[in-house]
Amino acid sequence: MTKHSQLVEQIEKICSSQNKETISFLETIVNKESGSFDTEDVNTLGDFLAKICKLMGAEVTKQKSDIHGDPIACTFNCKADSDEKRILLICHRDTVFPHGTVASRPFTMDDTFCYGPGCADMKGGIANGIYAIKALQKLGLEIPLEIIFTSDEEIGSEASSPFVKERAKNAKAAFFLEPARSNGALVTGRNGGDLINIKVTGKASHAGNAFADGRSAIHALCGVIHEMSKLSNEEAGYSTNIGVIFGGEGAIVVAPSAEAKLYTRFSTLEQRKFLLDSFKSIAEKYSKNGIKVEISEPIGFLPFINNDVNKQLFKLIQEAGDDLGIAVKGIDVKGAADAGITSCEGIPTICGMGIVGGNLHTDLEFAVLSSAEERQKLLVLSIIKANESFPL
């Protein structure tokens, strides 16, 4: 038996032996509320995870946030603020489910699946990340690595994105522990996306007696929406969607204010620049004759592009899968997430390295129980290979 095959055998044995504990830990964290807007809940879970990692030997770095929960990094086998290269594991601990969901729909499982708020997206990834580190420790491998628990990914990562970018400056490779697709595929590319608020200010007047004296913010917003909607080009890979509009004071009042919420999707940074420049031009075009149109700074996600270095990391993971008897496939998806942060910094990046799951963001969300052990083994061996292979 070769040294490598002995390593693979050890990984399989360790991950199998701690599988029940992994699932039990997953149950614990699923039953801890952490809806994105419930900052106290998000921070309570963050403190719990930090305490677990500290007991495992981590150095904990927490970034206080005034907007959402506090992003946290737990560093193993190197100083947190040193220049030593390290592997990054990135998880978001917030979910789309508000406080009170656990009380009505706690963690449950049957012979095949587990259920509960965030069981796949992405508390399954958190559990597997922590237990992958435990497996590495049991193997006696002191690989420099850092696991990051972000706080607001489900609502745009306004607090966490700068933190991840800063923590990634010394990264060898980045593994995002979002759930694998329901067919088991990893995510090898994602579109980017921005959330933008549009605010229009006009002038109120009586819609009957003094109609001409008013400046309708709603009428102006309709023009803005029409022009922004025409920018979409599905074939090229970018789109604009106005998902919410509101404004006005009554049918008999010329509307003094109106607002809209816009979501953009794009495949490249060049497309993002085109869209943002176009929005600015449209706002300037309609800001006249007593109307003012303001466009907020974008909050959201950079594109995760399936470039050469990311392909090399994916190939390495496929090789790890071959060693373990796991067929590893990849898919590019339109949905945005945090993986674009590290990818746009030139760091080899992969997403979907968490547990296999489906029906995300719904009350039918599930995770495949057998995938916890399988994907934990894949993550452990991939970390070892990435540590040896990168930087190129």
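Use the structure listed above.
This is a predicted model, so every value here is computed, not measured.

### Regarding the overall build of the protein
Across its full length, the protein holds 11 helices and 19 strands. Over its C-alpha trace the protein gives a radius of gyration of 23 Å, about what one expects of a compact globule, namely 21 Å for 392 residues. Put simply, 79% of the contacts in the protein that link residues at least 6 apart link residues at least 24 apart. Summing over all exposed atoms, the protein offers an accessible surface of approximately 17300 Å²; the carbon and sulfur share of this is 51%. Between the centroid of the 41 positive side chains of the protein and the centroid of its 51 negative side chains there is a distance of 2 Å.

### With respect to the side chain of histidine 68
Relative to the elements of secondary structure, histidine 68 occurs in the loop between β1 (59–62) and β2 (72–76). If near-sequence neighbours (up to four positions away) are discounted, histidine 68 is found in contact with Phe37, Thr39, Asp152, Ile155, Glu158 and Ala159.

### What to know about the pattern of salt bridges
A side chain with one charge may pair with a side chain of the opposite charge, provided their charged atoms come close. Per the stated rule, a full pass over the model turns up 15 salt bridges. Note that arginine 272 is salt-bridged to aspartate 194, the shortest N-O span being 2.8 Å. Of this pair, arginine 272 sits in helix α8 (residues 269–286) while aspartate 194 sits in strand β9 (residues 192–201), and the two are 78 residues apart along the sequence. Accessibility expressed as a relative area gives 0% for aspartate 194, which makes it buried. One salt bridge connects glutamate 234 with lysine 334, and the closest N-O pair in it is separated by 2.7 Å. Note that glutamate 234 is positioned in the loop between α7 (217–229) and β11 (239–247) and lysine 334 in the loop between β16 (330–333) and α10 (339–343), a separation of 100 residues in sequence. Exposure remark for glutamate 234: the relative accessible area of 46% places this residue in the partly exposed category. Relative accessible area serves as the criterion here: at 49%, lysine 334 is assigned to the partly exposed category.

### Overview of the sheet that holds strand β4 (residues 108–109)
With respect to topology, 4 strands assemble into an open sheet ordered β4-β5-β19-β18, the strand pairing being antiparallel. The open sheet has two free edges, formed respectively by β4 and β18 (357–358), since each of these has just one partner strand. Pairing of strand β5 (residues 113–115) with strand β19 (residues 366–368), which is carried by 3 bridges, proceeds in the antiparallel orientation. Each bridged residue has a counterpart across the sheet, and for cysteine 114 the counterpart in β19 is alanine 367. In this fold helix α11 (residues 369–389) packs onto β4, β5 and β19, with an angle of close to 55° to the strand it touches most, β19.

### Focus: the nonpolar core
By size, the foremost hydrophobic cluster in this structure holds 66 residues, and its most contacted members are Ile130, Ile147, Phe149, Phe175 and Ile317. Element by element, the count of residues in this core is highest for α11, at 9 residues. Ignoring any residue separated from it by four or fewer positions in sequence, one finds phenylalanine 175 in contact with Ile87, Leu88, Leu89, Ile90, Leu313, Ile317, Ile350, Met353, Leu379, Ser382, Ile383 and Ala386. Of all hydrophobic cores here, the second largest spans 21 residues; its members include Val200, Leu221, Met228 and Ala283.

### Examining the sheet that holds β2
Sheet architecture is open: 6 strands sit in the order β1-β2-β6-β3-β7-β17, paired in mixed fashion. Edge positions in the open sheet fall to β1 and β17 (349–350), since each of these has one partner strand only. As paired elements, β1 and β2 share 4 bridges and run antiparallel to each other. Bridge pairing links lysine 62 to isoleucine 72 in β2. Sheet strands touched by helix α5 (residues 123–138): β2, β3 (86–92) and β6 (145–150). Its angle to β6, the strand with the most contacts, is close to 165°. Here α11 sits on the sheet in contact with β3, β6 and β7 (171–176), set at roughly 160° to β7.

### Observations regarding α5
Taking 1.5 Å per residue, 16 residues should reach 22 Å; α5 reaches 23 Å between its end C-alpha atoms and fits that length. Burial runs high along α5: 13 of the 16 residues are buried. Positive phi appears at glycine 140, one or two residues downstream of α5, with a value of about 80°.

### So, the state of the cysteines
Counted under the stated rule, the structure contains 0 disulfides. No disulfide involves cysteine 53; its sulfur sits 3.9 Å from the nearest other cysteine sulfur, which is in cysteine 74. Look at cysteine 53 and you get buried, because its relative accessible area is 0%.

### Side note on the packing of aromatic side chains
Scanning the entire structure with this criterion turns up 5 aromatic pairs. Residues phenylalanine 113 and phenylalanine 366 carry aromatic rings whose centres are separated by 5.0 Å and whose planes lie at 70° to one another, so their mutual orientation is edge-to-face. Of the two residues, phenylalanine 113 is situated in strand β5 and phenylalanine 366 in strand β19; the sequence distance between them amounts to 253 residues. Of the aromatic side chains, those joined through ring pairs into one cluster are Phe25, Phe48 and Tyr131. Across from the ring centre of phenylalanine 97, 5.0 Å away, lies the NZ or CZ of arginine 105, which sits over that ring. One cation-aromatic arrangement involves lysine 134 over tyrosine 131; the distance from NZ or CZ to the ring centre is 5.3 Å.

### Section: the packing of helix α9 (residues 308–324) against α11
At a closest axis distance of 9 Å, the pairing of α9 and α11 adopts a crossing angle of 130°. Taken together, α9 and α11 sit at an angle that is classed as oblique. Note that α9 runs across α11; the crossing there is right-handed. Of α11, the residues touching α9 (which contributes Leu313, Leu316, Ile317, Glu319, Ala320, Gly321, Asp323 and Leu324) are Lys377, Leu378, Leu381, Ser382, Lys385, Ala386 and Ser389. In terms of residue class, the contact of α9 with α11 is built from 8 nonpolar, 3 polar and 4 charged.

What counts as what
- Residues numbered from 1 in each chain as written.
- Predicted model: local features only at pLDDT ≥ 70, side-chain atom pairs only at ≥ 80, totals over all residues.
- Heavy atoms only, no water.
- Helix = DSSP H or I, 4+ residues; strand = E, 2+ residues; numbered from the N terminus.
- Rg over C-alpha atoms; globule rule 2.2 N^0.38 Å.
- Contact = heavy atoms within 4.5 Å.
- Areas by Shrake-Rupley, 256 points an atom, 1.4 Å probe, with all protein chains shown as cover.
- Lys, Arg positive; Asp, Glu negative; His and termini not counted.
- Charge placed at Lys NZ, Arg CZ, Asp CG, Glu CD.
- Salt bridge = Lys/Arg side-chain N within 4 Å of Asp/Glu carboxyl O.
- Buried < 20%, exposed > 50% of the residue type's maximum accessible area, 1.4 Å probe, protein only.
- Pairing = 2+ DSSP bridges.
- Axes fitted to C-alpha atoms, helices over the stretch in contact; angles between N-to-C directions.
- Core = buried A, V, L, I, M, F, W, Y, C linked by side-chain atoms within 4.5 Å.
- Expected span 1.5 Å × (residues − 1).
- Disulfide = S-S within 2.5 Å.
- Phe/Tyr/Trp six-rings, centres within 6.5 Å; stacked < 30°, edge-to-face > 60°.
- Lys NZ or Arg CZ within 6 Å of the ring centre and 35° of its normal.
- Parallel < 35°, antiparallel > 145°, perpendicular 65-115°, else oblique.
- Left-handed = near helix turned anticlockwise from the far one by under 90°.
- Nonpolar A, V, L, I, M, F, W, Y, C, P; charged D, E, K, R; others polar.

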